[in-house]
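# Architecture at a glance
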Amino acid sequence: MWPNAETSFLTCRDVADETEFDNHFEYLKDVPDPGINLVADPEIAQRFSDLEQQLLKRVKNGDDLAAPLHRIQAHIAMSNNSDELIAIVQDAYDNLRQVQYEKTGERLFDGASIQLITATDLLVRRARLPGILFRFDQDPDALQTMGNVAEYEEGFFASSAAWYREIIGVTHYFGPLLGCLSPRFWCLPAGRPPSIILFNLGTDIAGTRSSPMEPMQLLPDSGRTESTPAVDLPPAACRHAMYWWTNRLNRIFGYLCDPTLFSNAKGVYDPYEHQHWLLTLSQVFYLTTAVQTSTRNYYVQRSLMNTLLDTYADRIMERRFDSLCTYDTAKATADRVRTRMPEDVAKVLMPLADRAVESLRRVQDGFFIRKQRGDDNVLVYIPDDENPHHREPHRAAAILMKVFRNATHGYGGLKPPQSTRDLVAERLLAHHTGNMPDDLVFLPYLYLLDTLSQPDQIQATIVKRALARGTVGTDILKAMNPSDYRDAYDLIKSWKDLSARDSLLAELEASERRGTVLVAMILITALLSKITAVSEGFVEQLTLLNDSNLADGILNITDQILEAVDNDPANAGSEDLLDTIPDTFAFRDIIGHASG
């Protein structure tokens, strides 16, 4: 048996399906109990009681569906153990199934189901590796510091800790899925990290109200004016879409959490580039959801759209911003994405993308001079040119969107137009009414689907970007030399000779290079995990270790890996491969380049 047999970063299981014949509420026993009893805190208990009273008043009105759904979220958040959680979820599910249309008496959520999404230890551990190495890189006396500090609330490896708590909370990676019918609503998320419970309603309902619900919504804004039709969802389509989304996230996390991909041109693992990618993709999911939920303010949506399209253009897809805004490109992307998912999944995920593509086509309708003149193209006149410059409508629309993107910093820029292209671009403002379809802001969602549907492109871009960083590496990795890797490997390989290990550990404690040897042990442990297919648990353990047991903690994990290799026939020959690490892996690929 491996120390950890997990191969997925996320799991998706049916707690209850639309048939009601195969329910498994017992799966909720796997949701961890909260670390503290929230009800025992008088302040939190009072806030919950106040919220409960407010929600009950709204529920009694009978026309506010958000209130009972919010009550489900609140009750799940306040549950203290699995028995309470199961009772709350089962009761909520039963009540949802009984909601009826006023006029016909038919059940509104007859196709409702519940899915449980859980982040596995594989994600929890691997996502923490960059933050651990940051401490060694930015604190030359890290080992001494950790030994002197008995307790500190952020922990020793707290770099980007707030983001880390969010990534293992998982919810925001499903935000764009839950908002995929915006401004309509089809799924309620609730739960506790590292799990979320998704109440799939089996149909879509209105997600917003036209009248303001809060005083702040009375301030000037510019919300949606176009209606959105309901989507005809097959009973199991939403559930299948959740599985498709989970599987695609697993593929992407497989690349984002693989430290061997983030090696620079000299073969050195670069934790900064690794963290950049983790943060970039996390931000993409957050901002996509923000676009979907900001339907009361179109200007906010437009700003978020531009930020996201920049991210895809510059970081993820390496394409020009205006290329992503070209109708032909967007239409071809949508057609391609649709072929990469089952038909019923496409019925859930593609309507919003299709609306964005159609909106991009409709931008061309705003070139009013062209329409009034009956011209095929937009004809732009600039100084000193007797003849007009022709721009095809789809191309003119893409250029105009880039003008609006640049206007994030103000129209006109700091410099006068530098070329004929600049002169043409700014004059397109004179040709267009400025009216932009509401659904245009969902264009980044299309490129998120494209990224999810072909996750291998993430791997290729990661490798390319990492190599482009050249010799840039952390200070501690630059300070390492081949003897650090030899000493680290000798310690790891001494698992069968504890007497020899004690001597080596004593030498390590007395060595001035103790810090670099420990980092070498971490890197080699990651490498061992990779080539033996044994999931590493060392990252999670490191977050709990201090200076006195750091080496022991690493060796505890490597001992499990090597014992598994030694005892499992499926790994026949792996030990020979491990013996090549000093020459083939650590020294040729890592040290050999770095010292060249």
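Quick note: structure is the one above.
Here is a short report on the structure shown in this document. Nothing here was measured: the structure is a model prediction, and the numbers come from that model. (Residues numbered from 1 in each chain as written. Predicted model: local features only at pLDDT ≥ 70, side-chain atom pairs only at ≥ 80, totals over all residues. Heavy atoms only, no water.)

### Quick notes on the overall build of the protein
Our working definition: Labels follow the DSSP assignment, with helices taken as runs of H or I lasting at least four residues and strands as runs of E lasting at least two, numbered in each case from the N terminus. When accessible area is computed with a 1.4 Å probe and restricted to protein chains, residues below 20% of their type maximum are described as buried, those above 50% as exposed, and intermediate ones as partly exposed. Throughout, a contact is declared for two residues whenever any of their heavy atoms are within 4.5 Å. Exposure was quantified through the Shrake-Rupley algorithm and a 1.4 Å probe, taking into account, for residues, occlusion by the shown protein chains and nothing else.
Along the protein, the regular secondary structure elements total 27 helices and 6 strands. By residue count, 51% of the 596 residues in the protein fall in the buried class. In the protein, of all internal contacts separated by at least 6 residues, the share reaching a separation of at least 24 is 76%. Counting every atom, the protein has about 27700 Å² of accessible surface; 50% of that belongs to carbon and sulfur.

### Remarks on the sheet that holds strand β2 (residues 113-119)
Heads up, the condition is: At least two DSSP bridges between two strands are required for those strands to pair. Between the N-to-C directions of two axes lies an angle of 0 to 180 degrees, each axis being a line fitted to C-alpha atoms and, for a helix, fitted only over the stretch in contact.
Pairing is antiparallel in the open sheet, where 4 strands are placed in the order β1-β2-β4-β3. The strands lining the two open edges of the sheet, one partner per strand, are β1 (10-16) and β3 (184-190). Taken over all neighbouring pairs, the strand axes of this sheet differ in orientation by 25° on average, direction set aside. Where β3 lies against strand β4 (residues 195-206), 6 bridges are found, and the strand directions are antiparallel. Note that in β4 the partner of C187 across the bridge is N200. On the sheet, helix α2 (residues 66-78) packs against β3 and β4 and is oriented at approximately 15° with respect to β3. Contacting β1, β2 and β4, helix α3 (residues 82-98) crosses the sheet at an angle of about 10° to β4.

### Structural notes on the nonpolar core
Keep this limit in mind: The nonpolar core is taken to be a set of buried Ala, Val, Leu, Ile, Met, Phe, Trp, Tyr and Cys residues, with the residues joined through side-chain atoms within 4.5 Å.
Core analysis: the biggest nonpolar cluster contains 134 residues, and I167, F174, W245, F253 and L349 have the highest contact counts within it. Among residues more than four places away in sequence, those in contact with I167 are L123, A127, H172, Y173, F253 and L278. Judged by nonpolar contacts, the second largest core, of 25 residues, contains A16, V31, I86 and L108.

### What to know about unusual backbone geometry
For the bond from S182 to P183, the omega torsion is 5°, close enough to zero to count as cis. Among the structural elements, P183 can be located in the loop between α8 (175-178) and β3. Omega for the bond connecting P193 with P194 falls within 30 degrees of zero, at 5°, which places this linkage in the cis form. Tracing the chain through its elements places P194 in the loop between β3 and β4. Although it is not a glycine, D384 adopts a positive phi angle of roughly 70°.

### Description of the pairing of β2
Burial analysis of β2 places 7 of its 7 residues in the buried class, which makes it a mostly covered element. Residue alternation in β2 divides its side chains into two sets, S113, Q115, I117 and A119 and I114, L116 and T118, and both sets are buried. Relative to β2, β1 runs antiparallel, the two being bridged by 6 bridges. Directly across from R13, in β2, lies its bridge partner L116. When β2 meets β4, the two strands line up antiparallel, connected through 6 bridges. Among the inter-strand pairings, I117 is bridged to a residue of β4, identified as I196.

### Some remarks on helix α21 (residues 482-492)
Condition: Working definition: the arc comes from the directions between the helix axis and the C-beta atoms, pointing outward to the latter.
Taken together, the buried positions of α21 are occupied by D484, Y485, A488, Y489, L491 and I492. All buried residues of α21 project into a common sector of 155° when viewed along the axis, lining one side.

### Observations regarding the packing of α2 against α3
Here is the rule we go by: When an angle is under 35 degrees it counts as roughly parallel; over 145 it counts as roughly antiparallel; between 65 and 115 it counts as roughly perpendicular; any other value is oblique. Residue classes follow a fixed rule: Ala, Val, Leu, Ile, Met, Phe, Trp, Tyr, Cys and Pro count as nonpolar, while Asp, Glu, Lys and Arg count as charged, and any other residue, Gly among them, counts as polar.
The interhelical angle for the contact between α2 and α3, taken along N-to-C directions, is 170°, at an axis separation of 9 Å. With respect to α3, the axis of α2 lies roughly antiparallel. Contact with α2, carried on its side by L69, I72, H75, I76 and M78, involves E84, L85, I88, V89, A92 and L96 of α3 and no other residues of that element. Across the contact of α2 with α3, the residue classes break down as 9 nonpolar, 1 polar and 1 charged.

### Describing the pattern of salt bridges
Selection rule: One speaks of a salt bridge when a side-chain nitrogen belonging to Lys or Arg is within 4 Å of a carboxyl oxygen belonging to Asp or Glu.
Under the defined criterion, the tally for this structure stands at 23 salt bridges. Here E52 makes a salt bridge to R71, at a shortest N to O gap of 2.5 Å. Separated by 19 residues along the polypeptide, E52 in helix α1 (residues 42-61) and R71 in helix α2 bring together distant segments of the chain. Judged by relative accessible area, which is 13%, E52 ranks as buried. A salt bridge links E358 to R361; the shortest N-O distance between them is 2.6 Å. Of this pair, E358 and R361 both sit in helix α14 (residues 343-363), 3 residues apart, which is roughly one turn of the helix. For E358, a relative accessible area of 34% gives the class partly exposed.

### A closer look at the side chain of T288
Relative to the elements of secondary structure, T288 occurs in helix α10 (residues 271-293). For T288, the residues in contact, after removing those within four places along its chain, are P176, L308, Y445 and L448.

### Structural notes on the packing of α10 against helix α11 (residues 298-316)
Note the threshold: For a crossing to be left-handed, the near helix must be turned anticlockwise from the far one by less than a right angle; the clockwise case is right-handed.
At a minimum axis distance of 10 Å, the contact between α10 and α11 shows a crossing angle of 150°. On the basis of the axis angle, α10 is roughly antiparallel to α11. Seen from above, α10 lies across α11 with left-handed handedness. On α11, the residues that touch E273, H276, W277, T280, L281, V284, L287, T288, A290 and V291 of α10 are Q301, L304, M305, T307, L308, T311, Y312, R315 and I316. A breakdown of the residues in the contact of α10 with α11 according to their chemical character gives 11 nonpolar, 6 polar and 2 charged.

### Side note on the state of the cysteines
Rule in force here: In this description, a disulfide is simply a cysteine sulfur pair whose atoms lie within 2.5 Å.
Evaluated as defined, the whole model comprises 0 disulfides. For C238, which is in no disulfide, the shortest distance to another cysteine sulfur is to C180 and amounts to 7.4 Å.

### Some words on the side chain of R501
Condition: Think of a polar contact as two N or O atoms within 3.5 Å of one another; within protein, one of them needs to be a possible hydrogen donor and the other a possible acceptor, and neighboring residues in sequence only count if both atoms come from side chains.
By the secondary structure assignment, R501 is in helix α22 (residues 498-510). Engagement of the side chain of R501 in a polar contact is seen with the backbone oxygen of I492, the distance being 3.5 Å. Residues within four places of R501 in sequence aside, it is in contact with L491, I492, S494, W495, L555 and D559.

None of the figures reported here should be taken as evidence of function without further support.
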